[in-house]
Structures are given as C-alpha cells and as structure tokens.
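One letter stands for each residue in the lines below.
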Amino acid sequence: MNSSHLAPFITMRKGFRMSQSGFLLCLLFFLPCSVFGEDPYRFFTWNVTYGVVSPLGYAQQGILINGQFPGPQIEAVTNDNLIVNVFNFLPEPFLISWNGVQQRRNSWQDGVYGTNCPIPSGSNFTYKMQVKDQIGSFFYFPSLAFHKAAGGYGGLKISSRPMIPVPFDPPKADYTLLIGDWYTINHYDLKKILDDGKDLPFPDGVLINGRQSTSTFMVEQGNTYRLRISNVGIATTLNVRIQGHKMLLVEVEGSHTIQNTYDSLDVHLGQSYSVLVKADQPPLEYYIVASTRFTNTVLVATAILSYSNATGGPVGPIPAGPTVELDVSLNQARTIRWNLTASAARPNPQGSYRYGQINVTRSVLLANSAPVIGKKQRYAVNGVSFVPADTPLKLADHFNISGVFKLGSMPDNPKPGPEHLDTAVMDSNFHDFFEIIFQNNENSVVTWHIDGHSFWVVGMDWGKWTSASRRGYDLGDAVSRCTVQVYPKAWSAIYVSLDNVGMWNIRSENWARSYLGQQFYLRVYTPSQSPRDELPIPSNALLCGGAVQF
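Just so it is clear, the model here is predicted, and its values are computed rather than measured.

Participant: Even after reading the chapter, I still don't get a nonpolar patch on the surface, so can you show me in this structure?
Facilitator: Where nonpolar side chains cluster on the molecular surface, the patch consists of V298, V300 and I318 and spans about 200 Å² of accessible area. Tracing the backbone shows V300 in strand β20 (residues 300–307).

Put into structure tokens, the structure is as follows:
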C-alpha cells in the first residue's frame with residue numbers, strides 16, 4: 001500500500017507533514033484487528049461543503065456531507081472504533097459533535113468548542129472514538145456558531161453485539177427519521193439576529209429526513225419495522241404519529257424501555273427514540289406526521305409508510321395530533337421507564353445498576369432565565385450567561401493555562417443579584433454521584449443535555465422543586481438517557497454518576513438559548529494520570545488560542 005492510499009486518513013497539524021511514527025500508527029489501523037485482539041474499526045471520510053438545498057421549495061444555502069443533506073448515517077456495533085476524517089471545505093471553521101455518544105475516557109473527541117479547537121477552513125481533523133458498552137439511537141450535528149440551522153446532521157445507530165440478547169424480535173428493516181424545524185432564513189442571518197440581541201422568529205417549516213413531504217418508507221404486510229426518531233431541530237418540540245398504526249416504544253437514547261404502546265409521541269429537542277411499527281393494516285399508503293408541539297401555529301411535515309402491495313394512496317385527512325396540552329405530554333413522559341429485565345451492551349441486565357441505593361454526594365439546582373444584559377437578549381443558568389473563551393477549556397485545563405476559566409464560576413444554586421456574563425465551569429470529582437434539579441420558571445419548554453454521560457430521570461412535576469419533592473422520585477426503574485425536557489413553570493430531577501473524566505458541556509438543546517449563554521461546562525476531575533481513567537491528549541489534537549505555544 002502506498003502513502004497516497006492513506007491520504008484521506010492523515011491529519012496535518014501546525015502545517016507540518018505527519019511524522020514517521022504517526023504514519024506507522026495510521027498503518028496499524030489497516031492491519032487485521034484480530035492480530036491485536038481489538039474491537040473492529042470503521043472508517044469514514046467526510047467532505048463538508050456548502051450546497052443548494054430546497055427543503056421547503058425555496059433554494060438556500062445548506063451544509064452537505066459528501067454531497068448529502070442530511071449527512072450519511074453512521075452504523076456501528078457496540079465497542080466498535082470509529083475513525084471519522086472530516087475535511088472542512090467551508091469558508092469558516094467547523095466542528096461536529098456526537099449527540100449521546102458518551103466518549104468514554106475521551107472528551108478530547110467531543111466536538112464542541114469547550115473541548116476542541118475548530119477545524120480550520122481548508123483543513124481536516126480525524127475523530128477517533130470508541131462506542132464502548134453502548135447501544136442505541138443517536139445523531140451527530142455541527143456544533144459551532146449557528147451551523148446547526150443549515151444542516152450537517154445525520155443519524156448514528158449502534159447495534160447490539162450478536163451475543164447480547166435484545167428484548168424484541170429482529171425487525172424486518174430499520175429506518176431512521178431525522179425530524180426538525182427549519183428556517184428559510186440563511187444561518188448567517190439567523191446568527192446575526194442573535195448577535196444583535198434579538199430572539200429568533202418562528203420557524204418556517206418542519207422536515208423529515210430533509211424533506212417536507214416526499215420521504216417514503218416501504219413495508220411488507222405482516223412484518224414489523226423499527227423507526228429511530230431524532231429531533232435534530234433548533235427551536236421546537238415535535239409530535240410524531242403514523243396514520244392507522246400504533247408505535248411500540250423499545251429504546252430511548254441507549255436504554256431499552258418498558259414496551260408501552262403510543263398513538264403519538266412527543267420528541268423534544270435533541271431527543272432520540274426507537275419504536276416498533278407492525279404493518280398490520282390494509283395494503284395502502286399511510287401518513288407519517290411530525291408537527292410542532294406547544295405552538296399556536298402548527299407546522300407539519302409528512303412522509304409515507306407505503307405497503308409494498310399498496311393499492312392506493314393515503315386516505316382521508318392528515319391525522320391531527322396534540323398541540324398545546326402540557327399535561328398530556330408530562331403524563332406521557334412519566335410512562336417512559338427502564339426495562340429492568342433487558343440486557344445492556346454488556347452481558348448483564350441493564351437494571352442491575354441500583355442507582356436508587358447510591359448515596360448522593362452533591363445536590364445541584366439549575367434555574368434557567370432569559371435576562372437582558374447590555375441591552376441584548378441573553379439566556380442564563382443560575383444567573384450566569386456563558387461566553388466562550390479564546391482557548392477551549394479542555395486544552396486550558398490540560399496545559400494549565402491561567403485566566404481562561406475559573407472553577408466554581410457556575411454555582412450549585414441560583415444566586416441573588418443581576419445575571420452576568422462568564423465562562424462558567426462547575427467543578428466535580430470522578431465518581432461523584434449528583435442529584436441535579438432543572439428548574440424552569442419560564443413559559444416555554446426547555447430541554448437539557450449532558451455530554452459524556454447518561455442519567456436517570458427520577459422525577460418531574462409542576463411548580464417549584466422542594467426537598468419534599470424527593471418523596472415522589474422513581475428510585476427503581478427511571479429511564480436512563482442523556483437529554484431531558486423541563487416543562488414551563490415546572491422541574492425535572494436527575495441522578496447522574498460522574499464516571500467519565502473530562503470537560504463536558506451541559507447545555508440547552510434550544511440552539512438560540514445555548515448560543516446566547518444557556519450552557520456551561522462540568523469538569524470531572526481525578527488526580528490520576530492513568531489512561532484507565534482518561535486517555536492522553538491525541539497526537540493530532542488541533543491547538544488554538546493560548547494553546548498554540550505547546
């Protein structure tokens with residue numbers, strides 16, 4: 001094999017050619033994994049470009065990956081090593097993050113600005129990560145600036161290893177539905193609206209797999225199909241339903257669930273669900289519908305579930321779904337529970353983790369707000385509106401660069417006084433066990449995500465959280481996931497084991513809120529230098545800001 005064949009997998013750093021040792025390391029990726037007893041490797045080469053997309057019938061600029069909108073799907077199996085080489089052909093820096101992939105011991109690959117330097121225009125970066133002990137439905141997305149409003153997202157499926165039993169029969173086929181709101185306004189202009197201190201307008205439409213109405217999913221009568229549904233939008237909760245068919249929920253963001261049946265399912269920003277659908281109706285075509293939830297104006301996208309022997313198109317009107325009924329949505333959320341009898345990614349029941357019997361080492365209450373600071377709209381957590389530093393926080397921590405952030409700048413509870421700007425970081429220790437209460441005193445749904453970790457959603461209810469609220473916690477079969485919604489004038493509580501060393505982003509999944517400060521970083525620290533706790537900085541790590549000197 002000559003070196004030209006390796007070009008897509010070689011990342012340059014600081015303008016120099018790859019060293020001989022780095023070249024040999026790349027060669028090792030191509031040797032049979034059985035030689036070293038390693039888990040399989042899967043290689044991907046992605047070219048990121050701008051292109052013309054017209055999802056709402058209006059030609060506009062979108063982000064394509066290998067010419068595709070949405071981008072190509074990643075399909076992996078538990079413990080696979082993923083090598084994703086991203087070439088940035090945009091005229092500005094770019095980053096990709098992996099929503100729900102936990103990056104065990106490896107926050108270096110998280111793909112958000114607090115951990116990674118952006119990929120410069122005309123350059124590339126190779127992500128190297130392992131989906132260790134994970135299964136489930138996730139997605140990737142562009143995390144920098146306001147690129148998420150332009151596309152650049154795609155599905156990420158992690159299947160169980162053959163030796164691990166799955167609590168349902170294999171489906172006939174497996175389909176991914178990437179649903180999300182969409183703007184016809186260019187993402188540069190959306191960003192400028194926010195930079196000018198204003199909030200975003202209402203979205204212009206809803207998409208299913210990058211289209212408003214022309215996606216088709218083929219089924220054969222009598223068979224069962226798996227649909228992996230992810231809300232990749234930036235502003236609104238969506239409701240999903242299938243005309244004439246029920247949906248059996250089987251998995252949420254890497255956890256098998258109690259198999260409840262739903263007529264429709266609320267999918268909040270950043271969330272992913274797997275449902276089974278049986279093709280048990282007359283051989284016709286049926287609407288798959290995604291529509292905005294909790295909005296006065298209801299935006300709708302449709303796809304088609306088409307029987308292979310269909311004798312006609314969809315009959316009747318598009319099935320209506322719930323709109324503003326908050327109680328219905330909260331009650332539905334409470335029915336989503338962990339399947340304690342299912343195996344996990346490893347050969348043991350996922351419910352064998354007795355999270356309800358672990359002593360909480362620290363209780364944190366996070367209250368979101370929407371202040372005006374410096375005559376501009378901002379969003380905040382516990383009175384702090386996040387501003388990014390010129391150096392990614394993970395690099396500043398690793399190289400001991402002073403003045404970039406201050407530990408404890410994100411308080412455990414709301415503080416009196418006016419909201420302020422800061423590069424907020426909360427300190428914690430490896431193996432801490434946190435109770436986190438998300439308190440929402442505003443009038444809209446807020447969705448929260450924690451990078452690098454899954455957590456148990458132990459409770460949610462209306463009003464203000466108090467210590468008495470703990471009496472209603474589910475300490476037995478609360479679902480384990482990485483994203484949780486908080487309803488207006490309500491709270492949601494989670495338990496999380498901080499079992500992943502690194503610098504991890506905690507953010508609102510509403511992208512305007514996150515961009516304008518409703519996020520912070522959690523530093524999970526150990527004094528150990530062992531690679532068993534955290535992998536060393538990658539040899540191909542991009543350096544920027546104060547880290548360029550190292």
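Participant: Teacher, can you tell me more about the packing of aromatic side chains here?
Facilitator: Each aromatic ring pair is specified by the distance between its two centres and by the angle formed by the two planes. Evaluation of the coordinates by the stated rule reveals 28 aromatic pairs. Ring plane angle 85° and centroid distance 5.0 Å describe the contact between F125 and Y127, whose orientation is recorded as edge-to-face. In this structure, F125 and Y127 share a single accessibility class: buried. Judged by centre distance (6.2 Å) and plane angle (10°), the rings of Y175 and Y225 are stacked. Taken together, the positions of Y175 in strand β9 (residues 173–182) and Y225 in strand β12 (residues 224–231) put the pair 50 residues apart, joining distant regions of the chain. Taking NZ or CZ as reference, K148 lies 4.8 Å from the ring centre of F141, over its face. Between K394 and the ring centre of W108, over which it is positioned, the NZ or CZ distance is 4.8 Å.

Participant: Which parts of the structure should I look at to understand the environment of P416?
Facilitator: Of note, P416 is situated in the loop between β26 (406–407) and β27 (420–422). Once the C-alpha coordinates of P416 and L522 are considered, the two residues, 106 residues apart in sequence, prove to be 22 Å apart.

Participant: Can you walk me through unusual backbone geometry in this structure?
Facilitator: Across the chain, the bulk of peptide bonds are trans and the bulk of non-glycine residues have phi less than zero. A cis amide bond links F69 to the next residue, P70, at an omega of -10°. Counting through the fold element by element, P70 comes out in the loop between β2 (60–65) and β3 (74–77). Not every positive phi belongs to a glycine, and A145 is a case in point at roughly 50°. Within the secondary structure, A145 is located in the loop between β7 (136–142) and β8 (154–159). One non-glycine residue, N382, adopts positive backbone phi at about 50°. Mapped onto the elements of the fold, N382 is located in the loop between β24 (380–381) and β25 (384–386).

Participant: Is there a simple way to think about the sheet that holds strand β35 (residues 502–508) in this case?
Facilitator: Within a sheet, adjacent strands bond to each other through the backbone by hydrogen bonds, running parallel or antiparallel. A sheet is described by the order of its strands in space; here six strands give the open sequence β26-β28-β36-β35-β30-β33, paired in mixed fashion. Two strands bound the open sheet, and with one partner strand each, they are β26 and β33 (483–486). Here β26 runs beside strand β28 (residues 424–429); their pairing, made up of two bridges, is parallel. Counted as the bridge partner of L407 is V425 from β28.

Participant: Can you walk me through the pairing of β28 in this structure?
Facilitator: Note that β28 and strand β36 (residues 519–525) share five bridges and pair parallel. Bridged to S428 within β36 is V524.

Participant: I keep staring at helix α2 (residues 187–195) and nothing clicks. Help me out?
Facilitator: Taken together, the buried positions of α2 are occupied by H187, L190 and L194. When α2 is viewed along its axis, its buried side chains cluster within an angular range of 55° and face the same direction. If you follow the buried residues of α2, they end up packed against β1 (41–53), β2 and α5 (511–515). Positive backbone phi, approximately 90°, marks G197, located one or two places after α2.

Participant: Whenever I open this one, the pattern of salt bridges confuses me. Can you help?
Facilitator: The full count for this structure, using the stated rule, is 25 salt bridges. Ionic pairing is found between E509 and K148, a salt bridge with its closest N-O pair at 3.7 Å. Placement of E509 in the loop between β35 and α5 and of K148 in the loop between β7 and β8 is noted, with a sequence separation of 361 residues between them. A salt bridge links D397 to R523; the shortest N-O distance between them is 2.8 Å. Taken together, the residues span a long stretch of sequence, with D397 in helix α4 (residues 393–398) and R523 in strand β36 at a distance of 126 residues. In this structure R523 comes out as buried when scored by relative accessible area, which is 14%. Counted as one network, the salt bridges with shared partners bring together E75, K157, D174 and R228.

Analysis parameters
- Residues numbered from 1 in each chain as written.
- Predicted model: local features only at pLDDT ≥ 70, side-chain atom pairs only at ≥ 80, totals over all residues.
- Heavy atoms only, no water.
- Patch = residues over 30% accessible without salt bridge, like charges linked within 9 Å, V, L, I, M, F, W, Y side chains within 5 Å.
- Areas by Shrake-Rupley, 256 points an atom, 1.4 Å probe, with all protein chains shown as cover.
- Salt bridge = Lys/Arg side-chain N within 4 Å of Asp/Glu carboxyl O.
- Helix = DSSP H or I, 4+ residues; strand = E, 2+ residues; numbered from the N terminus.
- Phe/Tyr/Trp six-rings, centres within 6.5 Å; stacked < 30°, edge-to-face > 60°.
- Buried < 20%, exposed > 50% of the residue type's maximum accessible area, 1.4 Å probe, protein only.
- Lys NZ or Arg CZ within 6 Å of the ring centre and 35° of its normal.
- Pairing = 2+ DSSP bridges.
- Arc of directions from axis to C-beta.
- Contact = heavy atoms within 4.5 Å.

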